[in-house]
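Reading the structure
This is what each chain is made of:
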Amino acid sequence: MKGFVKEHLAPIIMLILGAACAAFSIECFLITNTILDGGVTGISMIINTLSALPLSMLIIVINIPFFIVGFKALGKRFLLRAVIAIGVFSSMLEVFAALDPITDSELLAVVFGGVLLGVGVGLVLRFGGCLDGTEVAAMLLSRKVGISTGGIIFAFNVVIYSVAGFCFTWTSAMYSLLTYFIT
């Protein structure tokens, strides 16, 4: 029983906590101040703002191809934990969307939102899950091109934040980049 708890139950609890923490950060700090996350979540946030399609559904749909590739490269255990994390993340985005924003100060949103997002994403990654398919793509691509996973993710996010600058404001894009560094 002790082995089951350590091997399976505790990681799932931590995935749930991490995904909920990340969703709280996105909904209660970042979205309300037009600050974007990177990766699939950032792309989903841009599409959501421009089209009013539900953010939670966009995140799931856009992540599907990445998780299929992740399953093939990283296995069933990765896929199961990623599905749990993304399911909780998307569900909690809907729950937290009903809450009032924590602050209307962009600087406070960047700092506290970035820290909470980093804690949430860190917990999910630490316990074998994933909230963003670009992390999977970057891990696999880094093996082939000799660039670090972090470098690939950074380059991808710079493109996303540049699009955000054109779609919203450059101030929003710069705050988003600062949030990325804090995260």
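Here the structure is shown first, and the text comes after it.
Residues numbered from 1 in each chain as written. Predicted model: local features only at pLDDT ≥ 70, side-chain atom pairs only at ≥ 80, totals over all residues. Heavy atoms only, no water.

A word on the packing of helix α5 (residues 106-126) against helix α8 (residues 170-182)
If you want to describe how two helices pack, look at the angle between their axes and the distance between the axes. Closest axis-to-axis distance for the α5/α8 pair is 8 Å, and the angle between their directions is 30 degrees. When the axis of α5 is compared with that of α8, the two are roughly parallel. Judged by the twist between their axes, the crossing of α5 over α8 is right-handed. For the pair formed by α5 and α8, the contact residues are Glu106, Leu107, Val110, Val111, Gly114 and Val115 on the first element and Tyr175, Leu178, Thr179 and Ile182 on the second. Broken down by class, the residue content of the contact of α5 with α8 amounts to seven nonpolar, two polar and one charged. (Axes fitted to C-alpha atoms, helices over the stretch in contact; angles between N-to-C directions. Helix = DSSP H or I, 4+ residues; strand = E, 2+ residues; numbered from the N terminus. Parallel < 35°, antiparallel > 145°, perpendicular 65-115°, else oblique. Left-handed = near helix turned anticlockwise from the far one by under 90°. Contact = heavy atoms within 4.5 Å. Nonpolar A, V, L, I, M, F, W, Y, C, P; charged D, E, K, R; others polar.)

Describing unusual backbone geometry
For Thr34, which is not a glycine, the phi torsion comes out positive at approximately 50 degrees. Inspection of the secondary structure puts Thr34 in the loop between α1 (2-30) and α2 (39-51). The backbone of Ala52 sits at a positive phi, close to 65 degrees, despite the residue not being glycine. With respect to the helices and strands, Ala52 occurs in the loop between α2 and α3 (55-74).

Section: a nonpolar patch on the surface
Together, Leu107, Leu108, Val111, Phe112, Val115, Val119, Leu178 and Ile182 make up an exposed nonpolar region whose accessible area comes to about 640 Å². When residues of the nonpolar patch are traced back to their parent elements, those giving at least two are α5 and α8. Ranked by residue count, the leading element in the nonpolar patch is α5, at six residues. (Patch = residues over 30% accessible without salt bridge, like charges linked within 9 Å, V, L, I, M, F, W, Y side chains within 5 Å. Areas by Shrake-Rupley, 256 points an atom, 1.4 Å probe, with all protein chains shown as cover. Salt bridge = Lys/Arg side-chain N within 4 Å of Asp/Glu carboxyl O.)

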